Amino acid sequence: MNPTPHLALIGAGIAGLSCATALQQAGLEVSLFDKSRGPGGRMSNRRGDDWQCDHGAQYFTARRPDFRAEVARWQQAAVAEVWDPRLWLFEGASSEGRESTVERFVGMPDMTAPARYLASTLTVHAPTNIQQLRRQTHGWQVFSAEHGWLETRFAAVLLAVPAPQIAPLLRQLAPELAALASSTVMRGCWALMLRFSAPVDLAFDAAFVNQGPLRWIARNSSKPGRSGKETWLLHACAEWSEAHLEEDSASVAAALLYAFGQLGGPAPQDWTAHRWRYADTEPALDEGCAWRPDIGLGLCGDWLNGGKVEGAWLSGRTLAEQVLRSFARC
């Protein structure tokens, strides 16, 4: 590894951060690009003057020993903690409390905290929207909307973004990887963040909903480390979200608030809606990652590895391992 390979990694969600961290720890140079203002992807949090609410990933689990060890590291750094909500299930005409056997973790003081922790040791260029790639004799170049073609030549390019954003970048460069991404169906999700002037008196802190437009309800204020006004989060189910993806936020909010009211929820003091265009994959693939050592091009992300935060982290780590094996042979 001499000179030190310099890699471009596009996407600063958990998959990209996991991959970049492993590569940097092994001695490679990594430049991480993301079109958002900061790292985290769907591990997201929205803030106002006196409120905050996690509006993307709501929690994560840690079943694999290697990810469990990573989460323990996050806990030691005080950027993650166990969340043990009073959990309910609404299905048909019935509703009942559920005894949870799953250990759920959340970022602390918000869901972006683990991502910020991982990014703190990395070189992150954000916001930088990478729109084109080209492979030349002396390496890869990337084109950003903000800066045009960057002068740096990269030994490899790794993509850690939603599948629909990959196909246009790779259609000419790697048709088989573009086809893999194109064959993946990612679905949207409407999120509604509710603010209240006083605590809401409901029998649950979180609920799975298997009826109507809602899929998930959570009292964000019940999570450890949260501050500010009482906030709740409503997630619409994928089928309803897809059918209403292009509707205006007011009509979406009206439908979701009505459904929340049918389950006992009061009207909020205020609300904010957010549309996740690529929220989940149905079905998520089990490829783990994809790596073309012959041209130095790789893919990682939760959509390649069963979905979920844990799947994203493992996908990024798996891609890093494959990249390192390839460069070790050079």
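Residues numbered from 1 in each chain as written. Predicted model: local features only at pLDDT ≥ 70, side-chain atom pairs only at ≥ 80, totals over all residues. Heavy atoms only, no water.

**Student:** Would you mind going over the packing of helix 1 (residues 14–25) against helix 8 (residues 308–328) in detail, with residue names and values included?
**Tutor:** Any two packed helices are characterised by the angle at which their axes cross and by the distance between the axes. Interhelical geometry of helix 1 versus helix 8 gives an angle of 35° and a closest axis separation of 7 Å. Note that helix 1 runs across helix 8; the crossing there is right-handed. Between helix 1, through Ile 14, Ala 15, Ser 18, Cys 19, Ala 22 and Leu 23, and helix 8, the contact on the second element is made entirely by Val 309, Ala 312, Trp 313, Gly 316, Arg 317, Leu 319, Ala 320, Val 323 and Leu 324. Of the residues that constitute the contact of helix 1 with helix 8, the class distribution is twelve nonpolar, two polar and one charged. (Axes fitted to C-alpha atoms, helices over the stretch in contact; angles between N-to-C directions. Helix = DSSP H or I, 4+ residues; strand = E, 2+ residues; numbered from the N terminus. Left-handed = near helix turned anticlockwise from the far one by under 90°. Contact = heavy atoms within 4.5 Å. Nonpolar A, V, L, I, M, F, W, Y, C, P; charged D, E, K, R; others polar.)

**Student:** Run through the state of the cysteines, naming residues and quoting values.
**Tutor:** Inspection of every chain in the model, using the stated rule, returns zero disulfides. Free of any disulfide, Cys 53 has its nearest cysteine sulfur in Cys 189, 12 Å distant. Judged by relative accessible area, Cys 53 falls into the buried class, the value being 0%. Just so you know, Cys 189 is unpaired, no disulfide at all, and the nearest cysteine sulfur is the one on Cys 237, 8.7 Å from it. (Disulfide = S-S within 2.5 Å. Buried < 20%, exposed > 50% of the residue type's maximum accessible area, 1.4 Å probe, protein only.)

**Student:** I'd like a description of the nonpolar core, backed by residues and values.
**Tutor:** Ile 14, Leu 23, Phe 60, Trp 74 and Leu 158 are the most contacted members of the largest nonpolar core, which has 57 residues in total. For this core, the leading source of residues is helix 8, giving nine residues. Listed in part, the 28 residues of the second largest apolar core include Leu 133, Ala 181, Ala 290 and Ile 295. (Core = buried A, V, L, I, M, F, W, Y, C linked by side-chain atoms within 4.5 Å.)

**Student:** A description of the sheet that holds strand 10 (residues 130–136) should follow, citing residues and the corresponding values.
**Tutor:** Overall, antiparallel pairing links the three strands, which are arranged 10-11-12 in an open sheet. Every other strand in the sheet has two partners, leaving strand 10 and strand 12 (148–149) as the edge strands with one partner each. Pairing between strand 10 and strand 11 (residues 139–144): six bridges, direction antiparallel. Paired with Ile 130 across the strands is Ser 144, a residue of strand 11. (Pairing = 2+ DSSP bridges.)

**Student:** Can you break down the pattern of salt bridges residue by residue, with the values?
**Tutor:** Two side chains bearing opposite charge may form a pair once their charged atoms approach each other closely. For the coordinates displayed, the defined rule picks out 20 salt bridges. Between Glu 70 and Arg 73 there is a salt bridge, and its shortest N-O distance comes to 2.9 Å. Note that Glu 70 and Arg 73 are positioned in helix 2 (residues 65–76) at a spacing of three residues, about one turn of the helix. By relative accessible area, which is 8% here, Glu 70 ends up buried. Its relative accessible area of 32% is what places Arg 73 among the partly exposed residues. Put simply, Asp 110 and Arg 116 hold a salt bridge, and the shortest N to O gap is 3.2 Å. (Salt bridge = Lys/Arg side-chain N within 4 Å of Asp/Glu carboxyl O.)

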